[in-house]
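# Remarks on the overall topology
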Amino acid sequence: MSFLSQTDDNCQEAKSQRIEKMLQRMGAMKPSRLFSVGWQAVMEDAGHWTLPTWAILGPSRLTPRWLWVSSVDCAERQESPGKKLLSEKKLKRHFVDRRRLLVRGGRGGDGLSCFHSEPRKEFGGPDGGDGGSGGHVILRVDQQVKSLSSVQSQYQGFDGEDGGRKNCFGRNGAVLYIRVPVGTLVKEGNKVLADLSRPGDEYIAALGGAGGKGNRFFLANDNRAPVTCTPGQPGQERVLFLELKTMAHAGLIGLPNAGKSSLLRAISNAKPAVAAYPFTTLKPHVGIVHYEDHQQVAVADVPGLVRGAHWNRGLGHAFLRHIERCAFLLFVLDLSVPQPWTQLDDLKHELDQYEKGLSSRPHAIIANKIDLPQARANLPELQARLGTKAIALSAATGENLEELLLCLKELHDRHVAAELRRGRQPLRW
C-alpha cells in the first residue's frame, strides 16, 4: 500500500508540474493567439488530461474575464489614434473674428427606373421612386460660442438617398448646422447677406440639390411605360466670408496701457492679461457685471487705440469694428500722464474718422490710476477742461468702483428703455 501511495503522489506531482508549465506558456502567449488556436491546441502538452476545477476557478492567471479584457486592450492598441478635438475652453484662447468659408449643399438622390413585378400581373407599370433632396447648410447663432475658431474652412451637406422600387422615395439629406457666435456678419464679396445679431438667428448658407425623378413621374396617357429617370442635382456651392463684431452693452475705449484690462478684472470675473507694457490685450474680452436685481451688463475690453487707427495703424480695424455693436462707451483715461485731457480728444477723433457719429453715443469718462500721486494732481485740471464729471478711480486698489457700477447701470437702463420704445428686444446675456 505504501508503494502504491508513493506512486500516486509522484504522478500527481508530475501532473502539477506539467500544468504549471502549460500555464506559463499560455501567460506568455498573446491574447489573439489564445483565441485563434483554441482550447484543444493549447492542451496538447497535457495529453488526454483536462484542466482541474481549481486551475479554472482558482486564483490563477487564466480566467475568462482576463482573456476578454486582454483582447479589448489589444484591439484598442491596434486602432490608429485620431486627432483629438479641442475643447471649448482651449478654442477660446485662439480668438478668430474672420473666416473664409466654402459651403456646398448636399447632392440630391437619383431617381430610379423600374417596373412593377408581381406574379399574375403582366403589365404592372412603372414604379421607380424619386430621389431625396440634398441637405441644406445653415448658420445658426449659439450663445455658447464666443469666436469663429470652431468654424472650419469648408462644409459639405448630406446627400439625399436614391429612389427605390415600389414608388419608394429616397430619404432627404439631413440639415447641417454650423454654430457661430452672436454678432456674426455673413458676406459674399463686399455684399452683406445677413447680420446674425440675435440668439437663435439662422441663415441658409447653401441649398441642397433637388432629388431626381423616377420613371413613375413620367407616366402619361401617351407614354404608359416610360423608362426615363433623372439624376439628382448638385447642391449650391458658395464662398462666404464671416466677420465677427463683438456684441456687448459697453465698450472700454482707451490708449494702450491705460488700465482697461485691470478695470475689467475689477468689475467682473473676466481674466484678460495684465502687464506693464502696451498692447497686452490682443483680442477682445467680454466680462459680465452682475447686479442684485439679476441684471447682467456685458462690458467689452478691446485692444488699445493709437493715433491713426482709422488708417489701420496699430491693430486698427482689427478692433474698431468690435466697438460698432456697443450701445454705450466707457472712455478710460490714464490720469498719471501729463495732459491726460488730450487722450479724450484723440480717442473721439479716431472713432469719428472710422464711423461718423460713433463718439457721440452715450458714454462715461473714467479717470484711472487715481492711486498715484501725479494722478491726483492732474484731476482738478482735467475736471475743469472737460466740463463734465469724470469718474476718478483706481482699478488696482478698487477705489471708487461703486460710482462706476452705478453709472454703468444707469447707462444700461437708458439703453433698455430706448430699445423698448423702438419696439426691439434689448440684448440679454
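Counting restarts for each chain: residues are numbered from 1 in the order of the written sequence. Given that this is a predicted model, residues contribute local features only at a pLDDT of at least 70 and side-chain atom pairs are listed and counted only at 80 or more, while totals for whole chains, interfaces and linings are drawn from all residues. No hydrogens and no water enter the side-chain calculation; it runs on all heavy atoms of the structure.

### Things to note about the overall build of the chain
In terms of helices and strands, the chain carries ten helices and 14 strands. Each residue's exposure class comes from its accessible area (1.4 Å probe, protein chains only) as a fraction of the maximum for that residue type: buried when under 20%, exposed when over 50%, partly exposed otherwise. Out of the 429 residues belonging to the chain, those deemed buried represent 41%. Any two residues having at least one pair of non-hydrogen atoms within 4.5 Å are treated as being in contact. In the chain, the proportion of contacts linking residues at least 24 apart, taken out of those at least 6 apart, comes to 72%. Helix numbering and strand numbering both begin at the N terminus, where a helix is a DSSP run of H or I of at least 4 residues and a strand a DSSP run of E of at least 2.

### Focus on the environment of Ile365
Tracing the chain through its elements places Ile365 in strand 13 (residues 363-368). A residue is classified by how much of its surface remains accessible, and Ile365, at 7% relative accessible area, is buried. Residues contacting Ile365, with those up to four places away along its chain left out, are Phe331, Leu333, Leu344, Leu386, Thr388, Ala390 and Ile391.

### Section: the sheet that holds strand 13
On the basis of which strands lie adjacent, the open sheet formed by six strands has the order 10-11-9-12-13-14 and mixed pairing. The sheet is open, and its two edges are formed by strand 10 (285-290) and strand 14 (391-392), each paired on a single side. Pairing of strand 9 (residues 250-254) with strand 12 (residues 328-334) involves five bridges; the strand directions are parallel. Bridge pairing in strand 12 places Leu252 opposite Leu330. Note on method: axes are straight lines fitted to C-alpha atoms, helices fitted across the in-contact stretch only, with angles between N-to-C directions ranging 0 to 180 degrees. Contacting strand 9, strand 12 and strand 13, helix 8 (residues 341-354) crosses the sheet at an angle of about 140° to strand 12. Strand pairing is assigned whenever DSSP identifies at least 2 bridges connecting the two strands.

### Comments concerning the packing of helix 6 (residues 260-267) against helix 10 (residues 401-421)
Interhelical geometry of helix 6 versus helix 10 gives an angle of 85° and a closest axis separation of 11 Å. Looking at the two axes, helix 6 sits roughly perpendicular to helix 10. Note on element contacts: helix 10 touches helix 6 through Leu401, Leu404 and Leu405, opposite Leu263, Ala266 and Ile267. For the contact of helix 6 with helix 10, the class distribution of residues is six nonpolar, no polar and no charged. Comment on the angle field: the value is read as roughly parallel under 35 degrees, roughly antiparallel over 145, roughly perpendicular from 65 to 115, and oblique elsewhere. Side-chain classes are defined by residue name, with Ala, Val, Leu, Ile, Met, Phe, Trp, Tyr, Cys and Pro counting as nonpolar, Asp, Glu, Lys and Arg as charged, and the others, Gly among them, as polar.

### Overview of the confidence of the model for the chain
A score from 0 to 100, pLDDT tells how confident the predictor is in each residue. Looking at the chain as a whole, the pLDDT averages 77, with 73% of positions reaching at least 70. In the model, residues 1-7 has pLDDT below 50 throughout and makes zero contacts with residues more than four positions away in sequence or in other chains. Segment residues 86-93: pLDDT under 50, and ten contacts once partners within four positions in sequence are set aside and those in other chains are kept.

### Some thoughts on the nonpolar core
Judged by nonpolar contacts, the single largest core of 24 residues is most densely connected at Leu263, Val299, Leu330 and Leu408. Going through the elements one at a time, strand 9, helix 6, strand 11 (296-301), strand 12, strand 13 and helix 10 are the ones with two or more residues in this core. To qualify as a nonpolar core, a set must consist of buried Ala, Val, Leu, Ile, Met, Phe, Trp, Tyr and Cys residues joined through side-chain atoms within 4.5 Å.

### Here we look at the state of the cysteines
The term disulfide is used for any two cysteine sulfur atoms that are within 2.5 Å. In total, this model carries zero disulfides according to the counting rule given. This cysteine, Cys168, is not joined by any disulfide, and Cys114 carries the nearest cysteine sulfur, 9.2 Å off. Residue Cys168 is classed as partly exposed on the basis of its relative accessible area of 41%. Free of any disulfide, Cys229 has its nearest neighbouring cysteine sulfur in Cys114, separated by 9.3 Å. Judged by its relative accessible area of 34%, Cys229 falls in the partly exposed class.

### Some words on the packing of aromatic side chains
Stacked, tilted and edge-to-face pairs are distinguished by plane angle, under 30 degrees for stacked and over 60 for edge-to-face with tilted covering the rest, among Phe, Tyr and Trp rings (Trp via its six-membered ring) whose centres lie within 6.5 Å. Applying the stated criterion across every chain yields a total of one aromatic pair. Between Phe217 and Phe218 the ring centres are 5.3 Å apart and the planes differ by 90°, which places this aromatic pair in the edge-to-face class. Accessibility expressed as a relative area gives 27% for Phe218, which makes it partly exposed. Over the face of the ring belonging to Tyr177 we find Arg140, whose NZ or CZ atom lies 3.9 Å from the ring centre. Above the plane of the ring of Phe217 lies Lys213, whose end atom (NZ or CZ) is 4.9 Å from the centre. Working rule: Lys NZ or Arg CZ, within 6 Å of ring centre, within 35 degrees of ring normal, means a charge sits over the ring.

### Re the pattern of salt bridges
A pairing counts as a salt bridge when a side-chain nitrogen of Lys or Arg comes within 4 Å of a carboxyl oxygen of Asp or Glu. Counted by the stated rule, this structure contains 15 salt bridges. In this structure, Glu243 and Arg98 form a salt bridge, with 3.6 Å as the shortest nitrogen-oxygen distance. Of the two residues, Glu243 is situated in strand 8 (residues 237-244) and Arg98 in strand 1 (residues 98-104); the sequence distance between them amounts to 145 residues. On the basis of relative accessibility, which here comes to 47%, the residue Arg98 falls in the partly exposed class. With its nearest N and O atoms 3.2 Å apart, the salt bridge here joins Lys369 to Asp334. You can see Lys369 sitting in the loop between strand 13 and helix 9 (373-386) and its partner Asp334 sitting in strand 12, a full 35 residues away along the chain. Salt bridges linked by common partners bring Arg98, Lys187 and Glu243 together as one network.

### Overview of unusual backbone geometry
Negative phi values dominate among residues other than glycine, just as trans dominates among peptide bonds. A positive phi angle, near 60°, is found at Asn167, a position not held by glycine. Mapped onto the elements, Asn167 comes out in the loop between strand 3 (154-156) and strand 4 (176-180). Positive phi outside glycine occurs at Gln339, with the angle close to 50°.

### Overview of the side chain of Glu243
Of the residues examined, Glu243 reaches a relative accessible area of 8% and is grouped as buried. Throughout this description, a polar contact denotes any pair of N or O atoms lying within 3.5 Å of each other; where both atoms belong to protein, one of them has to be capable of donating a hydrogen while the other can accept it, and for residues adjacent in sequence the pair is counted only when both atoms sit in side chains. Within the structure, Glu243 has its side chain in polar contact with the side chain of Lys187 (distance 3.2 Å).

### Things to note about the sheet that holds strand 8
The five strands are arranged 3-1-8-5-6 in an open sheet whose pairing can be described as mixed. Each edge of the open sheet carries a strand with a single partner, namely strand 3 and strand 6 (191-196). Going across the sheet, the axis of each strand differs from the next one's by a mean of 25°, ignoring polarity. Pairing between strand 5 (residues 184-188) and strand 8: four bridges, direction antiparallel. Within strand 8, the residue paired with Thr184 across the bridge is Leu244.

### Section: the environment of Thr388
Relative to the helices and strands, Thr388 is located in the loop between helix 9 and strand 14. On the basis of relative accessibility, which here comes to 44%, the residue Thr388 falls in the partly exposed class. Placed 23 residues apart in sequence, Thr388 and Ile365 show a C-alpha to C-alpha distance of 8.6 Å. In this structure, Thr388 is in contact with Ile365 and Gln383, ignoring residues within four places of it in sequence.

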